[in-house]
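Residues per chain are reported as follows:
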Amino acid sequence: MPFYECVLIARSDITPQQVETLADQMAAVVAEGGGSVGKKEYWGLRNLAYRIKKNRKGHYLLMNIDAPHPAVAEMERQLRLNEDVLRFLTVRVEALDEGPSAIVARGGRDERGERGGRGERGARPPRGERAERAPRETTGD
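Per-chain numbering applies: the sequence of each chain, read as written, is numbered from 1 onward. It should be noted that, the model being predicted, local features are given only for residues of pLDDT at least 70 and side-chain atom pairs only at 80 or more, the latter also being counted only at that level, while totals for whole chains, interfaces and linings use all residues. Only hydrogens and water are removed before side-chain values are computed, so all heavy atoms of the structure are retained for them.

1. Structural notes on the overall build of the protein chain
To qualify as a helix, a DSSP run of H or I must reach at least 4 residues; to qualify as a strand, a run of E must reach at least 2; elements of each kind are numbered from the N terminus. Counting its regular elements, the protein chain contains three helices and four strands. If you list the helices and strands of the protein chain from N to C, you get β-α-β-β-α-β-α. We call a residue buried when its accessible area falls under 20% of the maximum for its residue type, exposed when it is over 50%, and partly exposed in between, using a 1.4 Å probe and counting protein chains only. The buried share among the 141 residues of the protein chain stands at 32%. Whether two residues are in contact is decided by their heavy atoms, any of which lying within 4.5 Å being enough. Sequence separation of at least 24 residues holds for 75% of the intrachain contacts in the protein chain that already meet a minimum separation of 6. Working note: accessible area of the protein chain is about 10400 Å², and carbon and sulfur atoms make up 47% of it. All accessibility values rest on the Shrake-Rupley procedure with a 1.4 Å probe; residue burial counts only the protein chains present in the view.

So this is what it looks like as structure tokens:
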């Protein structure tokens, strides 16, 4: 059977338990179609790049699916009808990764690491002690 990865984004105002319930419902739909869901990873509540249906955040979930196409098509139909799902993307892959995804492996956080120092320039002086900039000299024509 072909392998698929499905990532879905659910509304931010539902609970993580409701997201897990949604994943279980989709796994049941796939199982009815003769397939199975190997791995379900909840990535947490994350910021969206842009507003989707007036939402700024969403619950992300990854599912690894081993199922025939009709089962996946029925799951996608159910996802389209569900009002809690903002977006989903299902992609056919050659093999399923059994290990943790890149999001889970790095901690699942959107946050940037600590910023580096200023290098050779040293620390900046407090704002009040900065010297006023002299106007630039221009060369006349």
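2. A word on the environment of I65
Mapping I65 onto the fold places it in strand β3 (residues 55-66). Between the C-alpha atoms of I65 and R92, which are 27 residues apart in sequence, the distance is 9.2 Å. Aside from chain neighbours lying at most four places away, what touches I65 is P2, F3, Y4, C6, V30, S36, V37, V72, M75 and L96.

3. Some remarks on unusual backbone geometry
Unlike most non-glycine residues, K53 shows phi in positive territory, near 50°. The topology assignment puts K53 in the loop between β2 (36-52) and β3. Residue K54 is not a glycine yet carries a positive backbone phi of 65°. K54 gets classed as exposed once you look at its relative accessible area, which sits at 77%.

4. Re the pattern of salt bridges
Within this document, salt bridges are pairs made up of a side-chain nitrogen of Lys or Arg and a carboxyl oxygen of Asp or Glu, the two lying within 4 Å of each other. Inspection of every chain in the model, using the stated rule, returns five salt bridges. When the shortest N-O distance is used, the salt bridge between K39 and E41 registers 3.4 Å. For the residue pair K39 and E41, the accessibility class agrees, reading buried in each case. The partner of R77 in a salt bridge is E74, with the nearest N and O atoms 3.0 Å apart. Of this pair, R77 and E74 both sit in helix α2 (residues 69-81), three residues apart, which is roughly one turn of the helix.

5. Here we look at the packing of helix α1 (residues 16-32) against α2
Contact geometry of α1 with α2 gives a least axis separation of 8 Å together with a crossing angle of 150°. In this structure, α1 crosses over α2, and the sense of that crossing is right-handed. For the pair formed by α1 and α2, the contact residues are M26, V29 and V30 on the first element and A71, E74, M75, Q78 and L79 on the second. Lys, Arg, Asp and Glu make up the charged group, whereas Ala, Val, Leu, Ile, Met, Phe, Trp, Tyr, Cys and Pro make up the nonpolar group; the residues left over, Gly among them, are polar. Here the residues of the contact of α1 with α2 are counted per class, giving six nonpolar, one polar and one charged. Every angle, taken between N-to-C directions, lies between 0 and 180 degrees, and every axis is a line fitted to C-alpha atoms, over only the stretch in contact when it is a helix. Less than a right angle of anticlockwise turn of the near helix away from the far helix marks a crossing as left-handed, whereas a clockwise turn marks it as right-handed.

6. Considering the nonpolar core
By size, the foremost hydrophobic cluster in this structure holds 20 residues, and its most contacted members are L8, M63, I65, M75 and L79. Of all the secondary-structure elements, those providing two or more residues to this core are β1 (3-11), α1, β3 and α2. With six residues, the single largest contributor to this core is α1. Think of a nonpolar core as a cluster: buried Ala, Val, Leu, Ile, Met, Phe, Trp, Tyr and Cys residues, connected wherever their side-chain atoms sit within 4.5 Å.

7. Remarks on α1
A helix is expected to span 1.5 Å for every residue after the first. Its 17 residues give α1 an end-to-end C-alpha distance of 24 Å, which sits within 8% of 24 Å, the value for a rise of 1.5 Å per residue. Looking at α1, one finds that the buried residues are V19, L22, A23, M26, A27, V29 and V30. Looking down the long axis of α1, one finds its buried residues gathered within 155° of arc, a one-sided arrangement. Facing away from the buried side of α1 by over 90 degrees, the exposed positions are Q17 and E32. Remark: G34 follows α1 within two positions and exhibits a positive phi of approximately 95°. The arc under discussion is defined with respect to the helix axis, by the directions toward the C-beta atoms.

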